[in-house]
Amino acid sequence: MIEIRWHGRGGHGGFTAARLLGLAASVYGGNYAQAFPSFGPERRGAHVLGFTRIDSQPINDHSQVYNCDYVIVLDETLMETFDVTKGIKEGGLLLINSSKLPQDFNIQKNIKVHTLNAGQIAEEVLGVPIVNTVMLGAIAALTGIVELDAVYQAIDEVMAPEIRDRNKKAVEVAYNSIKGVSL
Amino acid sequence: MIEIRWHGRGGHGGFTAARLLGLAASVYGGNYAQAFPSFGPERRGAHVLGFTRIDSQPINDHSQVYNCDYVIVLDETLMETFDVTKGIKEGGLLLINSSKLPQDFNIQKNIKVHTLNAGQIAEEVLGVPIVNTVMLGAIAALTGIVELDAVYQAIDEVMAPEIRDRNKKAVEVAYNSIKGVSL
Amino acid sequence: MKPQVVKNYQFPQSKEQMPFGPGSEAGVLIEINSGWRNLRPVINQEKCTRCLICWLLCPDGVISKDTPQLEIDYDFCKGCGLCAYECPRKTIVMEKEG
Amino acid sequence: MKPQVVKNYQFPQSKEQMPFGPGSEAGVLIEINSGWRNLRPVINQEKCTRCLICWLLCPDGVISKDTPQLEIDYDFCKGCGLCAYECPRKTIVMEKEG
Amino acid sequence: MEKKHFLSGDEAVAFAVKLCRPHVIAAYPITPQTVIVEKISEFVASGEMDCQYLHVESEHSAMAACMGASLMGSRTFTATSSQGLLYMCEMLHYVSGSRYPIVMVNANRTIAAPWNIFGDHRDSLSQRDSGWIQFYVENAQEALDVTIQAYKIAEDPKVSLPVMINLDGYVLTHTYELVDVPPQELVDQFLPAFQTTNKLDFEKPKSLSFSAPPEWQTEFRFQQFEAMEIAKEVINQVDKEFGRVFGRTYGGLIHEYCCRDADYVLVAMGSVAGTARIVVDQLRAKGKKVGLVKLRSYRPFPKEYFQDLGQRVQAVGVIDRDISFGYEGAVYSDVKAALYRPGAQVKTVNFIAGLSGRDITKENLAQMYEPLEALALGEKVSEIQFTGLRWT
Amino acid sequence: MEKKHFLSGDEAVAFAVKLCRPHVIAAYPITPQTVIVEKISEFVASGEMDCQYLHVESEHSAMAACMGASLMGSRTFTATSSQGLLYMCEMLHYVSGSRYPIVMVNANRTIAAPWNIFGDHRDSLSQRDSGWIQFYVENAQEALDVTIQAYKIAEDPKVSLPVMINLDGYVLTHTYELVDVPPQELVDQFLPAFQTTNKLDFEKPKSLSFSAPPEWQTEFRFQQFEAMEIAKEVINQVDKEFGRVFGRTYGGLIHEYCCRDADYVLVAMGSVAGTARIVVDQLRAKGKKVGLVKLRSYRPFPKEYFQDLGQRVQAVGVIDRDISFGYEGAVYSDVKAALYRPGAQVKTVNFIAGLSGRDITKENLAQMYEPLEALALGEKVSEIQFTGLRWT
Amino acid sequence: MAVKIKDLPDKELLYGHKACQGCGGAIVARLALKVLGERTCVVLPASCISSVTTIYPQMAFFVNSLTSAFPAAAAVLSGMAAACRAQRLEDVTLLGFAGDGGTIDIGLQSLSGAVERGDDFLYICYDNEAYMNTGIQRSGLTPYGAWTTTTPTNNNAVGEKKFKKNLFEIMMAHRIPYCATASVGYPLDLLNKLAKARDIRGPKALHVLAPCPTGWGHGPEKTVEIGRLAVETGLWFLAEYEKGQVKINYNPKKFKPVQEYLIRQKRFRHLGEKDIAVIEEHRDKEWEILKKHAGRVE
Amino acid sequence: MAVKIKDLPDKELLYGHKACQGCGGAIVARLALKVLGERTCVVLPASCISSVTTIYPQMAFFVNSLTSAFPAAAAVLSGMAAACRAQRLEDVTLLGFAGDGGTIDIGLQSLSGAVERGDDFLYICYDNEAYMNTGIQRSGLTPYGAWTTTTPTNNNAVGEKKFKKNLFEIMMAHRIPYCATASVGYPLDLLNKLAKARDIRGPKALHVLAPCPTGWGHGPEKTVEIGRLAVETGLWFLAEYEKGQVKINYNPKKFKPVQEYLIRQKRFRHLGEKDIAVIEEHRDKEWEILKKHAGRVE
Ligand SMILES: Cc1ncc(C[n+]2csc(CCOP(=O)(O)OP(=O)(O)O)c2C)c(N)n1
Ligand SMILES: Cc1ncc(C[n+]2csc(CCOP(=O)(O)OP(=O)(O)O)c2C)c(N)n1
Ligand code: SF4
Ligand code: SF4
Ligand code: SF4
Ligand code: SF4
Ligand code: SF4
Ligand code: SF4
Ligand SMILES: [Mg+2]
Ligand SMILES: [Mg+2]
């Protein structure tokens, strides 16, 4: 089972990404998945978490996620007040939306760190700095847990018609910008 | 233990008599007593029951009264629809407010039957046909379970000042009209 | 033509005969109210103008108007005296019962 | 002179240290809100007329007026921009954080 | 000096409340509680009581108003029954979780539907998880005495929990009995002026009834759990102290009658206990080794007592004046759960009796001892018996 | 054909409700139930559902409105949580006593005070006497399936009782999972059009929810008691029939996992059951003969099952996501009461866990099996254990 | 189309009930059913009328009826109305029949919600000015000065110290399609309002003064007279609110002295001159407001 | 004695809360405490403001406060007021601070009862026109046309189909000593009303429009502007009811077009011409009624 944690801000679509990933991996990817937000009523702007679990077997575990294979940070300012590397498994992956380089973050753990200037892609493709689908495309590319096509289908199912195409584009751009990058 | 049942109509003071008797017998008579109405919200005019238990020992029994030593009927019309002799113990007493004679009632059981034209006494003494205290005086006289004085004290405690004396008078008249009558 | 009391009403004798839950047929009378009455209203049919005020105001609805004469259902009249009190011609007399 | 966050707030370490039932001292801040902010309001003190509109309307009450200059408590300012928007002289600029 | 009165249970409660000098009373009428609030209204109108009486528009508001008054530092009282108790259900949990020491009398009455205004324990039993201490009393005197005790227990700083005194509808509320009403001075001596830590403070403002996150709520729950455990001790102590001051004690959590050498016992709550003692006497006279356990405090539940009892007797019958549909009587389950130890030998049976005003007669009670005797003799009897049911 | 969706538990319920074609829905928002009613609102607004949706002003009114609709012959639905469930407490009893077959989903959340919007079972457990059938489900799929089953059970003419489906707050309500949504035709085939005997009638007018005097109320209570007993059978049957139509069954009243040869078992309700099965697998892999009983129907309570279980295993641990202050976990008491037989040898322990959103981890669960093993080995362990409490 | 008494059906739809002799509430219920007819469903929250009509096995309503939880009558009606819409059930009249306490206190919230939703029902509050079923405790509609068991009059306490809440205005504030006040003292007026309410769709409310011999302390024969005197002394008013317009149905130049009303009832017998002045002053103030309302057009 | 901004204390009595950026409700709460002062006890039924201020251990109120059960705020205040009387505690201000849902729906009954009893408290309803704390569900004060999660707008549904309930008139019908409406768009007006309410004994109610960026869909910086536009377009009114007299505080010759208000908020963006006409018509009708009221003297 693969466990993924998303860090974002209330209202910025972090959980939507977690959910899209689960949807893509399960309904359109033939696996089983779970997605859930950090529980509770988080106000817009507050630090919120999202989780995705993916497995080839039905997932019966309903306890919270403590150890993760991948952690995705949608807003790097969150890293000032929170240790986003918490619980990442040995050899796991940390993906940060940042214009900086991975080494700039000086992560001491035995994990892979990857950065992507998702804000820029989002501004370019979507016209707004909402990076959730960009990061979704990136994690798909980095890990191969879902096919691009499954992500597209998930977006088609969940997003409003007027923003579907733009978001698929965002996924695609991110995906392509990563593909070929060796981890 | 002596158990007494009162038959009256809602709003006509039957339970007040039951309670006055209990009060007289306990607080002013040195015994223990219980008094309770037939439970439930009886509307004015409906057939209602009252009960008094008297004993020289504390009364722990909180079940209902099934067998009675004395039954007192404040309104003889109630006898048309209800068997007021129900549960009277062998040798028990039935006291009816009526201008008729005991034998007119053709009671087949082995009990003593007594009648008193309480309505007339009430009209005369109280000016209204409310017979509860009249019947209280009568039962005191017939059975000796309470002293006249205890009844007076009970009336003093419970009744509004403006009607106390009249009611004590009613008790007295009834009491005297009975006393000397051999049972 | 007032509703009638069910004579010899049969209470359930077994659990199968119980109503299903606390719901049953409407309009079931097993008990009359005549015992509540000390006074009995009697209409002087001669004087009555059939103004129907008594019929209208009786809290128990025991007066019939669709009969040749106004009729009082003494099974259910409680003897409140309202009809007599309100009758504009004082046509109803409250007589002592029993 | 705005309320201060309690640095190194000590959570109860034993059941004896717990509040008695869900009631405690009012006005305890253990967490700041600056992390909510993407934009930072900066007052141009020169232009400011001290009309106090920003002070009055700030939903978080983070502007001080009893100081020589209006001061913003950046620990608790959420960067909503209301002060800047309402300032009649457009004296407040919202600058990008970080 | 104590004065003898001839009072109904409701009136006895009103007298007790007067003696305890609450600052604020808020109540909403419901049969058979009504006489309590009417009598108190009279006391207030006549000046015999100096307190604020609030006519509220519902029971939810009655309890909310008591809560508001309590957290301002006032001693409070309310009374209700049945539908009213359920209508304030949310507030019951609120008050106990917030640890406000409110005292309430519940005049037990069953719950609709079907509508019925008569007594059974369905109302209060169904609220046994609400975090209130629950007493069941046997007669008017106990109603009065326990109401006074209740304030002392509730306001004990180690406890600080609300107390509900349950009084059988009609059978106690409307029955007049000889009652000793203690003098004010003695009550004042027994019961100190109201004090609570759970109140607002103008020197050091407070935030009350706040939210707790998942990280801390368990600890608050545990605190409440412990307060209830402590209450067991306090209930016993207060009863003893009451005895020293007023000369009457009740046994604290439970009251045993003829249990010392009993082979089989009945467990009962409320007014039926007295009737049952008469039956015990009758059966004892016939040589039957029967006993009666009057369960006075249902919450906290005297678990330890029953664990001990289970080792002394052969059979235990439990009278429930209610049933938890889809299972059995709640008191019965609770008693069995307490009796439970691996290897326990005591046999049990549940009598669902006295529902919705149906009388529990002495004959009924005597008959309950029969299956207990049969059980003790090793016979089989059906576990749940509806006493007085027209058919089976 | 069934369609796979990725749905939260709340959404799964909304889909199930749509498939069941209720005529009237009345609800009041409360976290974490909200998504259910929001999704239904969308279905209604988009025309996918043809039903009357009432925005009521409170939960008491939500249930009252469902009652009004039901007795006019409409299939109804409502959903609530926590404070909302308590606020409708009076109506819960009213509806069950009147035998209206209403279906409700309760998104489990604890009860204030302290305030906390997270999941535990305090809300629904505290209403176990209300006469409602109570299911606890494990995941979104079961939520959907049991909602459909619930209508069939509630409306069974032998049952005619309301059903409450309990869904763990956040852990199920807000977690998305893969869910098979059955096609409308199959549901229509499984679930007949609404019918009830408890409705008004214009040919032969009725008086519903009437009053019963003490002479008759016991008999109505007994009827309700029997309906719950019958419901046990019906629940099992409906689950089997559901399996025939939809290919999924759940075990009816309970679901056993690895209990056949188990030495000691845990009893759990709701979402924790799945996590516990993982732990069972892990412990089994280590050679421990452990098992899990998922208690699906808490009311009616599968007493007979536990009586049997008690003879098969050495120790039983019960997880309660709540505690009845002044005693122990309610499920634990109920289980012990069922296990109770003179001479029973099975040992028991109670885990108070997962209060108010505190996670029950796999480690927690594994640790629960330790005292069970110790008990089975004859060691002593403390009977009531607060899992995850910061101190003891 | 004014109602004609002689055209009303003789058939009784409420019969054999156990209300006290001369009960005003029973008059209201009976007349309501005469106008609303056999396809009426009556919802009865706990109250005198529910208690005296539906105790198994004696069922005094001959139309469909339901006893509802005390706080919930209007919410139940709302659910029933929704069911009628869902099932396309027309030609049915949904009638709430509640006491003053069940309306203005514990039932106000559900009434407010149901009126807001615009559901189709008629809600009658029969106002006997106290909680009678539980033994005469004060409610939010108990008038100033009245004795009740919770506003006792010993030590010269005045009894109830507040004035009646104004249900009519509260309903107006809800922009209800139709509401009106009435009194058993003016039966024809009541019948006409019932007929009007019957024919309007949406929520309707009638607030009907229903004297209670037991609670008010007057002879059972005087119920209608007392209801008349309440209006003639100006202590009760007859008015309608329809399409945003208030109409006063009885507006005499001069009221009878309030004593004529008060003196006939034991609940007021402790009142002195001063109290009576308070009552009159309040009456006059309220009438001024009412008249202002009546001047208003939307 | 009009309030002067510069005389208001700088000291914050509500600080460090977790309300969204630009929360209108937070503005109301903060200003209320500025005027009411440190001896205020705040009662908070469940709502956004209670949820963002009192989660252990972070306590954002610096005055006494209590979170109350959702339906019970006014009843709690009533009990507190009684306790103050019993304990002769003066110089204390009891403030209820509730949302629209907690006031007009589930809290209406307890508010009605407490106002009837005449207890001394100030009740502020901060109106963000939906249940925000639970995620934007419609309430009885949600305006016509608004999208909420329970009045969705797919398939061109209009969103909420009913008009706002009229709390102001409901309070008037209760003859409350003082009530008023206000808006965060008119902070000085609000401050003055707070000061007036503070100095009157008995129950007082303020109904304050408090725009909610999250629920209404506008930028957090626009909260006050939106509150102003609501008044300028006539969709919200500023009025007072005192000693039986209604006074309109803002009564322009001509309203701004309602579009100026609606267009700024996502919750209204689906509305078409026809809906806007409905809104305008309703506004005009309501203003007529309000003006009638303002003409009234007691
Ligand atoms: C929640 C709840 N609280 C209290 C009661 C008790 N109760 C039943 S009827 C009643 C009085 C009804 O008064 P009203 O509505 O004025 O009708 P009336 O009896 O005067 O005709 C009361 C208080 C109840 N049934 N439910
Ligand atoms: C009895 C009960 N029902 C429902 C809730 C859930 N609830 C808590 S806050 C809230 C919304 C409050 O809305 P409002 O009063 O308008 O305040 P807002 O959050 O919008 O500021 C709801 C529905 C509750 N706490 N208690
Ligand atoms: S009121 Fe008198 S005159 Fe009129 S119908 Fe009746 S009896 Fe006849
Ligand atoms: S006395 Fe009363 S009940 Fe009898 S007919 Fe006349 S009005 Fe009707
Ligand atoms: S609003 Fe602008 S001008 Fe006024 S005080 Fe603030 S910064 Fe200065
Ligand atoms: S940005 Fe918002 S929070 Fe910050 S000072 Fe301005 S108004 Fe206050
Ligand atoms: S108490 Fe009054 S309202 Fe109730 S039945 Fe008797 S007369 Fe009618
Ligand atoms: S949702 Fe609206 S009312 Fe609630 S805190 Fe956010 S802005 Fe304020
Ligand atoms: Mg009334
Ligand atoms: Mg709101």
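Check the entry above for the structure.
These numbers come from a predicted model, not from an experiment. Each chain carries its own residue numbering, running from 1 in the written order of its sequence. As a convention, the first chain written is A and the first ligand written is 1, with the rest following in written order. Confidence filtering applies because this is a predicted model: local features only for residues at pLDDT of at least 70, side-chain atom pairs given and counted only at 80 or more, and all residues used for totals across whole chains, interfaces and linings. Derived side-chain values reflect all non-hydrogen atoms in the structure, with water molecules and hydrogen atoms excluded from consideration.

K.L.:
Would you mind going over the overall build of chain G with me for this structure?
P.N.:
To qualify as a helix, a DSSP run of H or I must reach at least 4 residues; to qualify as a strand, a run of E must reach at least 2; elements of each kind are numbered from the N terminus. Looking only at helices and strands, one finds eleven helices and ten strands in chain G. For chain G, whose C-alpha radius of gyration is 18 Å, the value lies close to the compact-globule estimate of 19 Å for 298 residues. Dimensions along the principal axes, computed over C-alpha positions, put chain G at roughly 60 × 50 × 40 Å. Remark: exposure states derive from per-residue accessible area (1.4 Å probe, protein chains only) relative to the maximum for the residue type, with buried under 20%, exposed over 50%, and partly exposed in between. Split into buried and exposed, the 298 residues of chain G put 74% on the buried side. A contact between two residues is defined here by any heavy atoms of the two lying within 4.5 Å. Restricting the contact set of chain G to residue pairs at least 6 apart, pairs at least 24 apart contribute 71%. Working definition of accessibility: Shrake-Rupley area with a 1.4 Å probe, residue cover restricted to the visible protein chains. Put simply, chain G shows about 8,800 Å² of open surface, and 53% of that area lies on carbon and sulfur atoms. Averaging the locations of the 38 positively and 31 negatively charged side chains of chain G gives two centres separated by 1 Å. Radius of gyration here uses only the C-alpha atoms, and the compact-globule reference equals 2.2 Å multiplied by the residue count raised to the power 0.38. Lys and Arg are tallied as positive, Asp and Glu as negative. Neither His nor the chain termini are counted. The location of each charge is read from NZ of Lys, CZ of Arg, CG of Asp or CD of Glu.

K.L.:
How should helix α3 (residues 73-86) of chain G be read in this particular structure?
P.N.:
Side chains that are three or four residues apart share a direction in an α-helix, a result of its 3.6 residues per turn. All names here are of chain G. Taking 1.5 Å per residue as the helical rise, α3 with its 14 residues ought to reach 20 Å, and the 20 Å between its terminal C-alpha atoms agrees with that figure. Burial of α3 is extensive: 13 of the 14 residues sit out of reach of the surface. Where α3 ends, the next residue or the one after it, R88, has phi of about 50°, a positive value. Take the residue count of a helix, subtract one, and multiply by 1.5 Å to get its expected span.

K.L.:
What am I meant to see in the environment of E46 of chain C here?
P.N.:
Residue and element names in this part refer to chain C. Along the chain, the position of E46 falls in the loop between β2 (39-43) and α1 (53-57). Since its relative accessible area comes to 75%, E46 is described here as exposed. Between the C-alpha atom of E46 and that of M94, which follows or precedes it by 48 residues, the distance is 16 Å.

K.L.:
Can you walk me through the site of ligand 7 in this structure?
P.N.:
Throughout, near means a residue has at least one heavy atom within 4 Å of the molecule or strand. Residues in contact with ligand 7 amount to ten residues; listed here are only the nearest, C20, C23, C48, N128 and C212 of chain G. Near ligand 7, the surrounding residues belong to chains B and G. Each residue gets one label: Ala, Val, Leu, Ile, Met, Phe, Trp, Tyr, Cys and Pro are nonpolar, Asp, Glu, Lys and Arg are charged, and the others, such as Gly, are polar. Classifying every residue of the shell around ligand 7 gives seven nonpolar, two polar and one charged.

K.L.:
Quick question: what am I supposed to make of the interface of chain E and chain F here?
P.N.:
Note: interface size is frequently given as the accessible area lost on complex formation between the parts. Across the contact, 81 residues belong to chain E and 81 residues belong to chain F. Approximately 7,600 Å² of surface area, both sides summed, lies buried where chain E meets chain F, with 57% of it carried by carbon and sulfur atoms. Two parts lose some accessible area (1.4 Å probe) when they are put together, and adding that loss for both gives the buried area. When residues of chain E are sorted by the area they lose upon contact with chain F, F325, Y327 and Y340 of chain E head the list and together hold 12% of the total. For salt bridges, the criterion is a side-chain nitrogen of Lys or Arg within 4 Å of an Asp or Glu carboxyl oxygen. For the pair chain E and chain F, the interface holds ten salt bridges. Two residues, D129 of chain E and R128 of chain F, come together in a salt bridge whose shortest N-O distance is 2.4 Å. If you list the elements that add at least two residues to the side of chain E that touches chain F, you get α4 (82-87), α5 (89-98), α6 (122-125), α9 (214-246), α11 (303-309), α12 (330-339), β15 (347-352) and β16 (384-386) of chain E. With 13 residues, the top contributor of residues to the side of chain E that touches chain F is α9 of chain E. Within the side of chain E that touches chain F, the residues separate by chemical class into 37 nonpolar, 26 polar and 18 charged.

K.L.:
Would you mind going over the packing of aromatic side chains with me for this structure?
P.N.:
Aromatic ring pairs: the centre-centre distance and the angle between the two ring planes describe each pair. Whether two aromatic rings pair depends on their centres lying within 6.5 Å, for rings of Phe, Tyr and Trp, where Trp uses its six-membered ring; planes under 30 degrees apart make the pair stacked, over 60 edge-to-face, and the rest tilted. Applying the stated rule across the entire model yields 74 aromatic pairs over all chains. Look at F15 of chain B and Y176 of chain E: their rings are 5.7 Å apart centre to centre, the planes differ by 50°, and that puts the pair in the tilted class. With F15 of chain B in helix α1 (residues 14-26) and Y176 of chain E in strand β8 (residues 176-181), the pair connects residues from two separate chains. Between F190 of chain F and F246 of chain F, the ring centres sit 5.5 Å apart and the planes meet at 75°, which makes this aromatic pair edge-to-face. Remark: F246 of chain F occurs in helix α9 (residues 214-246) and F190 of chain F occurs in helix α8 (residues 184-190); sequence separation between them is 56 residues. When its relative accessible area of 7% is taken as the criterion, F246 of chain F is described as buried.

K.L.:
Can you help me understand the relation of the copies chain E and chain F in this one?
P.N.:
Two copies of the chain are present, and they differ by a rotation about an axis and a shift along that axis. Between chain E and chain F, the superposition needs a rotation of 180° and an axial shift of 0.0 Å, giving an RMSD of 0.0 Å. Taken together, the rotation angle and the small translation identify this as a two-fold axis. A symmetric contact is evident, with 100% of the interface residues of chain E recurring at the interface of chain F. In superposing the copies, a least-squares fit is computed on C-alpha atoms, taking residues whose pLDDT is at least 70 in both.

K.L.:
Help me out: how do you make sense of the pattern of salt bridges in this one?
P.N.:
By the definition in use, this model includes 149 salt bridges over all chains. Here D168 of chain E makes a salt bridge to R321 of chain E, at a shortest N to O gap of 3.4 Å. Here D168 of chain E is found in strand β7 (residues 163-168), whereas its partner R321 of chain E is found in the loop between β14 (315-320) and α12, with 153 residues between them in sequence. Of the residues examined, D168 of chain E reaches a relative accessible area of 1% and is grouped as buried. Among the charged side chains, a salt-bridge network with shared partners connects E3, R53, D61, D69 and K89 of chain A together with K362 of chain F.

K.L.:
Mind showing me how you'd approach the site of ligand 3 here?
P.N.:
Close contacts around ligand 3 come from C48, T49, R50, C51, L52, I53, C54, L70, C87, P88, T91 and I92 of chain C, and that covers them all. Partitioning the shell around ligand 3 into residue classes produces nine nonpolar, two polar and one charged.

K.L.:
I keep staring at the sheet that holds strand β8 (residues 203-209) of chain G and nothing clicks. Help me out?
P.N.:
Each strand in a sheet pairs with another by means of backbone hydrogen bonds, the pair being arranged parallel or else antiparallel. Each pair of strands is called paired provided DSSP finds at least two bridges between the two strands. Within the open sheet, the ten strands sit side by side as β1(C)-β9(F)-β4(G)-β1(G)-β5(G)-β6(G)-β8(G)-β7(G)-β9(G)-β10(G). Their pairing is mixed. One side of each edge strand has no neighbouring strand; the edge strands of this open sheet are β1 (23-25) of chain C together with β10 (245-248) of chain G. Sheet twist, expressed as the mean angle between neighbouring strand axes with direction ignored, is 15°. In the sheet, β1 of chain C pairs with strand β9 (residues 206-208) of chain F via three bridges, with the strands oriented antiparallel. Each residue of the ladder has a partner; that of S24 of chain C, found in β9 of chain F, is S207 of chain F. Most of the contacts of helix α1 (residues 24-36) of chain G go to strand β5 (residues 93-99) of chain G, to which it runs at about 175°, and overall it touches β1 (40-45), β5, β6 (121-127) and β8 of chain G. In this analysis, axes come from line fits to C-alpha atoms, helices being fitted only over the stretch in contact, and the angle between any two N-to-C directions falls in the range 0 to 180 degrees.

K.L.:
Sorry, what's going on with the sheet that holds strand β4 (residues 76-80) of chain F here?
P.N.:
All names here are of chain F. The strand order across the open sheet built from seven strands is β3-β2-β4-β5-β7-β6-β13, with neighbouring strands paired in mixed fashion. The open sheet has two edge strands, β3 (52-55) and β13 (297-299), and neither has a second partner. Each strand axis lies, on average, 20° off the axis of its neighbour in the sheet, ignoring direction. As defined by bridge partners, strand β6 (residues 133-136) adjoins β13 across two bridges and the pair is classed as antiparallel. Following the sheet pairing, F135 is matched in β13 by S297. Across the face of the sheet, helix α7 (residues 140-155) comes into contact with β4, β5 (103-108), β6 and β7 (163-168) while running at roughly 170° to β7. Across the sheet, α9 touches β6 and β13, and the angle it forms with β6 is around 40°.

K.L.:
Explanation requested: helix α1 (residues 14-26) of chain A in the structure shown.
P.N.:
For α1 of chain A, built from 13 residues, the straight-helix expectation of 18 Å at 1.5 Å per residue is met to within 8% by its first-to-last C-alpha distance of 19 Å. Counting buried residues in α1 of chain A gives ten out of 13 residues, a clear majority hidden from the surface.

K.L.:
Teacher, can you tell me more about the interface of chain E and chain D here?
P.N.:
Listed as interface residues are 21 residues of chain E and, on the opposing side, twelve residues of chain D. With both chains or domains summed, chain E and chain D bury close to 1,400 Å², and 62% of this area falls on carbon and sulfur atoms. In this structure, the connection of chain E to chain D is made through two salt bridges. Across the pair K15 of chain D and E226 of chain E runs a salt bridge, and its minimum N-O distance is 2.6 Å.

K.L.:
Is there a simple way to think about the packing of α7 of chain F against α9 of chain F in this case?
P.N.:
Two quantities define a packed helix pair, namely the angle between the helix axes and the distance between the axes. Residues and elements named next belong to chain F. In contact at an axis separation of 10 Å, α7 and α9 are set at 125° when each is read in the N-to-C sense. Considered as vectors, α7 and α9 are oriented oblique to each other. The interaxial crossing formed by α7 with α9 has right-handed handedness. Along the contact surface, α7 presents D145, I148, Q149, K152 and I153, while α9 presents V234, I235, V238, D239, E241 and F242. Counted by class, the contact of α7 with α9 contains six nonpolar, one polar and four charged residues. What sets the label is the angle itself: under 35 degrees gives roughly parallel, over 145 gives roughly antiparallel, 65 to 115 gives roughly perpendicular, and the rest give oblique. By definition, turning the near helix anticlockwise from the far helix through less than a right angle yields a left-handed crossing, and turning it clockwise yields a right-handed one.

K.L.:
Whenever I open this one, the packing of helix α1 (residues 24-36) of chain H against helix α7 (residues 187-199) of chain H confuses me. Can you help?
P.N.:
Residue and element names in this part refer to chain H. The geometry of α1 relative to α7 is characterised by a closest axis approach of 9 Å and an angle of 45° between their N-to-C directions. As the angle between them shows, α1 and α7 are arranged oblique. As for the relative orientation of α1 and α7, their crossing is right-handed in sense. Residues L31, A32, V35 and L36 of α1 pack against P187, L190, L191, L194, A195 and R198 of α7. Residues that form the contact of α1 with α7 fall into these classes: nine nonpolar, no polar and one charged.

K.L.:
Whenever I open this one, the state of the cysteines confuses me. Can you help?
P.N.:
Any covalent bond linking the sulfur atoms of two cysteines counts as a disulfide. Here, a disulfide means two cysteine sulfur atoms that sit within 2.5 Å of each other. By the definition in use, this model includes zero disulfides over all chains. There is no disulfide at C89 of chain F, and the cysteine sulfur nearest it, in C89 of chain E, is 3.9 Å away.

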